[in-house]
Amino acid sequence: MARIRRALADVPRAETPGEVPVERTYHRVHGDRGSAETVDLLAEHLADYRAIVHRADTPDHTGTPEAPGAPGAPSLPALIARLLADRGATSVAAPPGLPASWLSDVPDAVRRVPDTAELTPHDLDAVSSVVTACAVAIAETGTVVLDATPDQGRRRITLVPDHHICVIRVPDQVVGSVPEALERLDPARPLTWISGPSATSDIELDRVEGVHGPRTLEVILVGPQTAGRS
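Now for a description of the structure that goes with this document.

Remarks on the overall build of the chain
(1) Moving on: Across its full length, the chain carries five helices and twelve strands.
(2) Moving on: Relative to its 230 residues, the chain shows a buried fraction of 41%.
(3) Moving on: Intrachain contacts of the chain at a sequence separation of at least 6 include 69% that bridge at least 24 residues.
(4) Moving on: Working note: accessible area of the chain is about 12,700 Å², and carbon and sulfur atoms make up 54% of it.

Here you go:
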């Protein structure tokens, strides 16, 4: 407290913080990466956080000569269907604004669970997987941000099920730095910042995943510029 008093010694007692402009001259962007390099950096940092990163073409493209896109990249619906099948999912939660085409290749045997107010945590705990979009992704920190808009749903559907598939549209939804991300986000919305699957090392520094959210996070980078590492 004494150090704080000394630091404030020359501040008039009647002055309020809002009266003094704060100069914010820190760098918003670090380096001169192009969009493809920024997407690759995001993929690298997501993988560092133990997220599983996939590349897909747009829902209407398959990487064929008739519909050129990322060479060899599967369509988004086909990839989502495969990831759910690999997981052995019997049900999938979907926010109300999720494009219907994203789940178009998922067999009818996989039960769709719409995100409604009636869903309880117990109901969600029985759901195999959840598929959402995102608001923005930050390359330098490997962070995905959700803001509860219709294609992402309420926060609880991405915190209770054990498997989260998050779709990021590239390059439009990818930024390099946190300041760039904050400019795109509405602070009045419920924001969820995700850096890899839920994990903690509180007990004897042993990493345990799935404590506060999904044990498995799979990120799909989707768009015509997704060629590269998968």
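Quick word on the sheet that holds strand 6 (residues 143-146)
(1) Moving on: Taken in spatial order, the four strands line up as 8-5-6-9 in an open sheet, and their pairing is mixed. Every other strand in the sheet has two partners, leaving strand 8 (174-175) and strand 9 (192-194) as the edge strands with one partner each.
(2) Moving on: With two bridges joining them, strand 5 (residues 136-138) and strand 8 adopt parallel strand pairing. Across the sheet, I138 pairs through a bridge with V175, a residue of strand 8.

Observations concerning the side chain of H54
(1) Moving on: Position of H54 relative to the elements: it lies in strand 1 (residues 52-56).
(2) Moving on: Of the residues examined, H54 reaches a relative accessible area of 14% and is grouped as buried.
(3) Moving on: Polar side-chain contacts of H54 include one of 2.6 Å to the side chain of E218.
(4) Moving on: Here H54 is in contact with L79, R82, L83, E218, V219, I220 and L221, once residues within four sequence places are set aside.

Remarks on the nonpolar core
(1) Moving on: Counting residues in each nonpolar core, the largest one holds 21 residues, and the members touching the most others are L76, I80 and I220.
(2) Moving on: Secondary structure elements with two or more residues in this core: helix 3 (76-87), strand 2 (91-94), strand 7 (163-169) and strand 12 (216-222).
(3) Moving on: It is helix 3 that provides the largest number of residues to this core, a total of six residues.
(4) Moving on: Of all hydrophobic cores here, the second largest spans 20 residues; its members include A51, C166, V174 and I194.

Comments concerning helix 3
(1) Moving on: Taking 1.5 Å as the rise per residue, helix 3 with twelve residues should run 16 Å; its terminal C-alpha atoms sit 17 Å apart, in good agreement.
(2) Moving on: L76, P77, L79, I80, A81, L83 and L84 are the residues of helix 3 that are buried.
(3) Moving on: Where helix 3 is buried, its residues touch strand 1, strand 2, strand 4 (129-132), strand 7 and strand 12.
(4) Moving on: Just downstream of helix 3 lies G88, where phi reads positive at about 75 degrees.

Let's talk about the side chain of E180
(1) Moving on: Of note, E180 is situated in helix 5 (residues 178-184).
(2) Moving on: Polar contacts involving the side chain of E180 include one to the main-chain amide nitrogen of S177, which spans 3.0 Å.
(3) Moving on: Dropping the residues within four chain positions of it, E180 is found in contact with R28, V29 and V175.

Regarding unusual backbone geometry
(1) Moving on: That bond from V170 to P171 is cis: its omega, 5 degrees, falls within 30 degrees of zero.
(2) Moving on: In this structure, P171 sits in the loop between strand 7 and strand 8.
(3) Moving on: One non-glycine residue, R50, adopts positive backbone phi at about 70 degrees.
(4) Moving on: Within the fold, R50 resides in the loop between helix 2 (35-48) and strand 1.
(5) Moving on: For R50, a relative accessible area of 51% corresponds to the exposed category.
(6) Moving on: Of note, A148 is a non-glycine position whose phi angle comes to about 65 degrees, a positive value.
(7) Moving on: Structurally, A148 can be placed in the loop between strand 6 and strand 7.
(8) Moving on: Overall, the relative accessible area of 25% leaves A148 in the partly exposed class.

A few points about helix 2
(1) Moving on: For helix 2, spanning 14 residues, the distance from its first C-alpha to its last is 20 Å, which sits close to the expected 20 Å at 1.5 Å a residue.
(2) Moving on: Within the sequence span of helix 2, burial applies to T38, V39, L41, L42, A43, H45 and L46.
(3) Moving on: Looking at the buried residues of helix 2, the elements they touch are strand 1, strand 5, strand 6, strand 7, strand 8 and strand 12.
(4) Moving on: Among the residues trailing helix 2, R50 stands out with phi positive, at a value near 70 degrees.

About the cut-offs
Residues numbered from 1 in each chain as written. Predicted model: local features only at pLDDT ≥ 70, side-chain atom pairs only at ≥ 80, totals over all residues. Heavy atoms only, no water. Helix = DSSP H or I, 4+ residues; strand = E, 2+ residues; numbered from the N terminus. Buried < 20%, exposed > 50% of the residue type's maximum accessible area, 1.4 Å probe, protein only. Contact = heavy atoms within 4.5 Å. Areas by Shrake-Rupley, 256 points an atom, 1.4 Å probe, with all protein chains shown as cover. Pairing = 2+ DSSP bridges. Polar contact = N/O pair within 3.5 Å; in protein donor to acceptor, adjacent residues only side chain to side chain. Core = buried A, V, L, I, M, F, W, Y, C linked by side-chain atoms within 4.5 Å. Expected span 1.5 Å × (residues − 1).

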